[in-house]
Amino acid sequence: MAKENSILLHGLALKDATLKVGEDGTPVRAMLYMRVVDRAKSDENGNEEMQYTTVFVYSGAPKVIAKMSEIVEGDLVDIYGTLTTAKVPKKRVCPVCGSVNTAVGDVTYVSPLYVCRREHGLSPDEINAKLIERAEISNRVYAIGNICAGLDYNDKNGTGNPNLRYQMAIPRTIRVHDDTANVETDYPWVLATGYQALEGKDALRIGSTVYLKGHLRSKEQVKEIQCSKCESVFTSQDFPLMRISPHFTEYLHNCNFPDSK
Ligand SMILES: [Zn+2]
């Protein structure tokens, strides 16, 4: 079966890239938050609505870390990579008693194969103009996978803006250089909206194979934690929830159509 899991990003570094160093002082991980943009829609007068999304980029590959380490807040950056999921231990310090609460949670990130700092030192107006000019390559996702969970449809009380959430299993096409190096499948979530949700709710089932073209969307996540020691409840900022929002779905196998269309 054809395999696909490609992400193309061009965006603004919201902060300097963060490096984590190993015991010998060499960087072993790099992290970056970027703002990317796509043209969500345009009205009958041709006015476009830009959709801005914050994406989380993470790598353990030495060549990629070296490139990411040059990136500072305000840079415009090109990235080509793959969408990756992992289960990671998350440590949270209780603000009441100070004990560390550790729990395993999910994280979704972009693993770059290619990183290039394209511009540095532009003004905010110049940055925004460049982002809009480059919206067609700023936030693109291409993925083929099998639906493995979810398919929760929400018609939003008939507002005409329904959504459909599901999880996909995407076989890896490349080796990812981090703690997930031996993992063979990624499990990102998909948030289909509008027509993609309406069509998908009838066409899709667990086990369906689809090819998606779309954008990444992210949502801030604040988790409520109960301390395992003193039982106080506190909130903690989590990694953003990054999901694929398709603007095109090709129904490949096991879909509820007489023929694939
Ligand atoms: Zn506590």
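Engineer: Give a description of the overall build of the chain that names residues and reports values.
Structural biologist: The number of helices and strands found in the chain is three helices and 12 strands. In summary, the chain has a C-alpha radius of gyration of 20 Å against a globular reference of 18 Å for 261 residues, a match within 12%. Considering only C-alpha atoms, the chain reaches an extent of 60 × 50 × 40 Å along its principal axes. Of all 261 residues assigned to the chain, the portion counted as buried reaches 30%. Partitioning the intrachain contacts of the chain with sequence separation of at least 6 by distance along the chain shows that 69% fall at a separation of at least 24.

Engineer: How would you summarise the nonpolar core if you had to cite specific residues and measurements?
Structural biologist: Among the nonpolar cores identified, the biggest contains 45 residues, and L32, M34, V55, V57, M68, V110 and A143 are the most heavily contacted of them. At five residues, the largest contribution of residues to this core is made by strand β3 (residues 27-42). For V55, the residues in contact, after removing those within four places along its chain, are L9, G11, M34, V36, V110, L216, S218 and M242.

Engineer: Let's hear about the pairing of strand β1 (residues 5-13): which residues, and what values?
Structural biologist: Among the nine residues that make up β1, seven are buried, leaving the element largely enclosed by the rest of the structure. Relative to strand β7 (residues 139-154), β1 runs antiparallel, the two sharing five bridges. Pairing of L8 across the sheet is with R140, part of β7.

Engineer: Outline the pairing of strand β5 (residues 76-93), listing residues and values.
Structural biologist: Examined bridge by bridge, β1 and β5 share six bridges and lie antiparallel to one another. Note on β5: the bridge partner recorded for I7 is G81. Here 18 bridges tie β5 to strand β6 (residues 100-119), and the two strands are oriented antiparallel to one another. Across the sheet, residue K87 finds its bridge partner in β6, namely D106. Counting the residues that bridge the hairpin from β5 to β6 gives six residues, and of these G98 lies at a positive phi of roughly 80 degrees.

Engineer: If you had to explain unusual backbone geometry to someone new, which residues and values would you point to?
Structural biologist: Of note, the phi angle at N157 is positive, near 55 degrees, even though the residue is not glycine. The residue N157 is located in the loop between β7 and β8 (163-171) in this model. Unlike most non-glycine residues, N254 shows phi in positive territory, near 55 degrees. Looking at the secondary structure, you find N254 in the segment after β12 (233-253).

Engineer: Before we move on, can you summarise helix α3 (residues 194-203) with the specific residues and values?
Structural biologist: Three- or four-residue spacings in an α-helix give side chains the same orientation, since the helix completes a turn every 3.6 residues. Among the residues of α3, those classed as buried are Q196, A197 and G200. All buried residues of α3 fall inside an arc of 95 degrees around its axis, so they share one side. Exposed residues on α3 whose side chains face more than 90 degrees from its buried face are Y195 and D202. Along its buried surface, α3 packs onto β7, β8, β10 (189-193) and β12.

Engineer: Give a detailed account of the environment of A203, specifying residues and quantitative values.
Structural biologist: Structurally, A203 is set in helix α3. A residue is classified by how many C-beta atoms lie within 10 Å of it, and A203, with 16 of them, is partly exposed. Remark: the alpha-carbon pair of A203 and C255, spanning 52 residues in sequence, is separated by 5.4 Å. The residues contacting A203, other than those within four sequence positions of it, are Y251, C255, N256 and F257.

Engineer: How would you sum up the confidence of the model for the chain? Please name residues and give values.
Structural biologist: Confidence along the chain averages 93 in pLDDT terms, with 98% of residues attaining 70 or more. Mean pLDDT per element in the chain: β3 is the minimum at 91, and β1 is the maximum at 98.

Engineer: An account of the environment of T82 is needed here, citing residue identities and associated values.
Structural biologist: On the secondary structure map, T82 appears in strand β5. Along the backbone, T82 and T173 are 91 residues apart, and their C-alpha atoms lie at a distance of 8.8 Å. With sequence-adjacent residues up to four places away left out, T82 is seen in contact with N5, S6, I7, S111, I174 and V176.

Engineer: How would you summarise the environment of A40 if you had to cite specific residues and measurements?
Structural biologist: Mapping A40 onto the fold places it in strand β3. The spacing of A40 and P27 is 13 residues in sequence and 37 Å in space, taken between C-alpha atoms. Setting aside its immediate chain neighbours within four residues, A40 contacts E49, M50 and Q51.

Conventions we followed
Residues numbered from 1 in each chain as written. Predicted model: local features only at pLDDT ≥ 70, side-chain atom pairs only at ≥ 80, totals over all residues. Helix = DSSP H or I, 4+ residues; strand = E, 2+ residues; numbered from the N terminus. Rg over C-alpha atoms; globule rule 2.2 N^0.38 Å. Buried ≥ 20, exposed ≤ 12 C-beta atoms within 10 Å, placed from the backbone. Contact = placed C-beta atoms within 7 Å. Core = buried A, V, L, I, M, F, W, Y, C linked by C-beta atoms within 7 Å. Pairing = 2+ DSSP bridges. Arc of directions from axis to C-beta. pLDDT = per-residue confidence, 0-100.

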